[in-house]
Amino acid sequence: MVQGDPWKNALKQLDDACSILKIDKGVRDYLAEPNKVLRVKLPVKMDNGKIRVFIGFRSQHNNDRGPYKGGIRFFDPEGGLEYMEKEVKALSAWMTWKCAVVDVPLGGGKGGIYVNPKKEKLSENELERLTRRFAFAISEIIGPKKDIPAPDVYTTGKEMAQIMDVYSKLSGMENEPGVITGKPIALGGSLARNVATGLGCAYCIREAAKTIGLKLKGAKIVIQGYGNAGTFAAEYLEKMGAKIIAVSDSKGAIINPKGLDSKKVLEYKNKTGSVVGYPGSKKISTEELLTTKCDVLVPAALENQINANIAKKLQCKIIAEAANGPTMPEADPIIYGKKIMVLPDILANSGGVCISYLEWVQNNMGYYWTFDEVAKKMEDHITRGFKDTLALSRKYKIDMRRAAMVLAVNRVVEAFKAKGLWP
Ligand code: GLU
């Protein structure tokens, strides 16, 4: 079942922020609609010699603070192609707000191809031809000073390298690493990129814990989704002294109240294909996972996981949204009423785009930092983003989600107003 409409959710969040900031309708409408949504046809010759047509998108939401920035996903949401277009639009708007919250001078974009390479078992060659065709189709609107894509659901450094190669050759530059981030290190990728979202999320949780007086040593953590963000959040939280008690992946959820060893669980998953069955753990349902009594719940899977029903049963002190849009708007007032501190996605998972930004800076200057230098710069952006959001949440007496949106919208409006409207 498709739950919720991400585009409507994105607009509702914007409307809330606009009413708090008393932004007039014209400016609200300007902020709502993406600047451009490109829908492209992607004919690809398959291994059997037949042609198959795929559809791809790139939504460029806002660039008042800098070039568009955001991932490219290869995915087939349950709602189909039209749903994906709305989802990509919503995600591009969230990128605008995400960059603004952590004060990264970039705008918001998102794109993707309606395809599930895992389910469909596309061969390496088919996937490469599809990726390069997509790069060709969007090459006119991307560029290091225009729009800088990055990996997202089911895309990796490999696809980023192929997109960079196509763009570089088409633009006559041969080697233009600044057109895309999340590249392999050998092509100008940044150190700390692979851990970025999880590490950023752990920094954000650390700041939140300090604020509510929660000791991270011994704190119980539940993680939904044991992919890149979830595994590294687990690893760094464990390093900070916390205990991971339950985790899940697309095949199911497991719990061990005494604590799970994050690295061993990952090794087990890599070996068997799932966390389910990990020695010493008990299998539980997704609902049980989300509503387990714990200190910090980290939804690190897909959108719309926490609805009103789940929200009523939550038993955590902090929710750190490592995924994009895991909480449905209907759940927000319930969570706020229960005095759970929400670290909204645009703040909690912004580590990814912070490192992307730092990768782009390194590409532009042609000089590369160490892992520690990059991680420290990212930590500064996230810690400041958290503090600025907390200050607004106290000032307006609103939850952290609305505070983060107020902070972000205000920063974009400031840039828009400073430039003015032309032509
Ligand atoms: N796909 C990631 C996100 O949603 C990263 C985007 C980027 O680095 O540009 O934040």
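The structure presented is a predicted model; accordingly, all values stated were derived computationally and were not measured.

**Student:** Got a minute to help me understand the site of the ligand in this structure?
**Tutor:** The ligand sits among 14 residues. The nearest are Lys 69, Lys 98, Lys 110, Asp 152 and Ser 356. Lys 69 is positioned such that a nitrogen or oxygen atom in its side chain is 2.8 Å from an oxygen atom of the ligand. Compared with its free state, where it exposes 290 Å², the ligand has 93% of that area covered by protein. If you list the elements that add at least two residues to the shell around the ligand, you get strand 3 (68-75), helix 3 (80-101), strand 5 (147-151) and helix 14 (351-365). Taken together, the residues that form the shell around the ligand break down as four nonpolar, five polar and five charged.

**Student:** I'm lost on the sheet that holds strand 2 (residues 51-62) in this one. Help?
**Tutor:** The strands that make up a sheet are held in pairs by hydrogen bonds between backbone atoms, and each pair lies either parallel or antiparallel. Taken in spatial order, the five strands make up an open sheet running 1-2-4-3-5, and their pairing is mixed. Since the sheet does not close on itself, it has two edges, and those belong to strand 1 (36-45) and strand 5, each with one partner. In this sheet, adjacent strand axes meet at a mean angle of 20° when their direction is disregarded. Relative to strand 5, strand 3 runs parallel, the two being bridged by five bridges.

**Student:** Is there a simple way to explain the nonpolar core in this structure?
**Tutor:** Grouped burial of nonpolar side chains is what soluble globular proteins tend to show. Formed by 94 residues in total, the largest nonpolar core has its most connected members in Trp 97, Ile 205, Val 247, Val 298, Leu 343, Phe 386 and Val 409. Among the elements that take part in this core, helix 16 (residues 400-419) stands out by supplying eleven residues, more than any other. Among the nonpolar cores identified, the runner-up in size contains 24 residues, and Leu 122, Met 164, Tyr 167 and Val 179 belong to it.

**Student:** I'm lost on the packing of aromatic side chains in this one. Help?
**Tutor:** Each aromatic ring pair is described using two quantities: the centre-to-centre distance and the angle formed by the ring planes. Taken as a whole and assessed by the stated rule, the structure comprises four aromatic pairs. The interplanar angle of 80° and the centroid separation of 5.7 Å between the aromatic rings of Tyr 268 and Tyr 278 together place this pair among those described as edge-to-face. Linking Tyr 268 in helix 9 (residues 262-272) with Tyr 278 in the loop between helix 9 and strand 9 (282-284), this pair joins segments that are ten residues apart in sequence. Given a relative accessible area of 19%, Tyr 268 falls into the buried group. A cation over a ring is seen here: Lys 89 above Trp 7, with NZ or CZ 4.4 Å from the ring centre. Above the face of the Trp 369 ring, Lys 377 is positioned so that its terminal group lies 4.6 Å from the ring centre.

Thresholds applied
- Residues numbered from 1 in each chain as written.
- Predicted model: local features only at pLDDT ≥ 70, side-chain atom pairs only at ≥ 80, totals over all residues.
- Heavy atoms only, no water.
- Near = heavy atom within 4 Å.
- Polar contact = N/O pair within 3.5 Å; in protein donor to acceptor, adjacent residues only side chain to side chain.
- Areas by Shrake-Rupley, 256 points an atom, 1.4 Å probe, with all protein chains shown as cover.
- Helix = DSSP H or I, 4+ residues; strand = E, 2+ residues; numbered from the N terminus.
- Nonpolar A, V, L, I, M, F, W, Y, C, P; charged D, E, K, R; others polar.
- Pairing = 2+ DSSP bridges.
- Axes fitted to C-alpha atoms, helices over the stretch in contact; angles between N-to-C directions.
- Core = buried A, V, L, I, M, F, W, Y, C linked by side-chain atoms within 4.5 Å.
- Buried < 20%, exposed > 50% of the residue type's maximum accessible area, 1.4 Å probe, protein only.
- Phe/Tyr/Trp six-rings, centres within 6.5 Å; stacked < 30°, edge-to-face > 60°.
- Lys NZ or Arg CZ within 6 Å of the ring centre and 35° of its normal.

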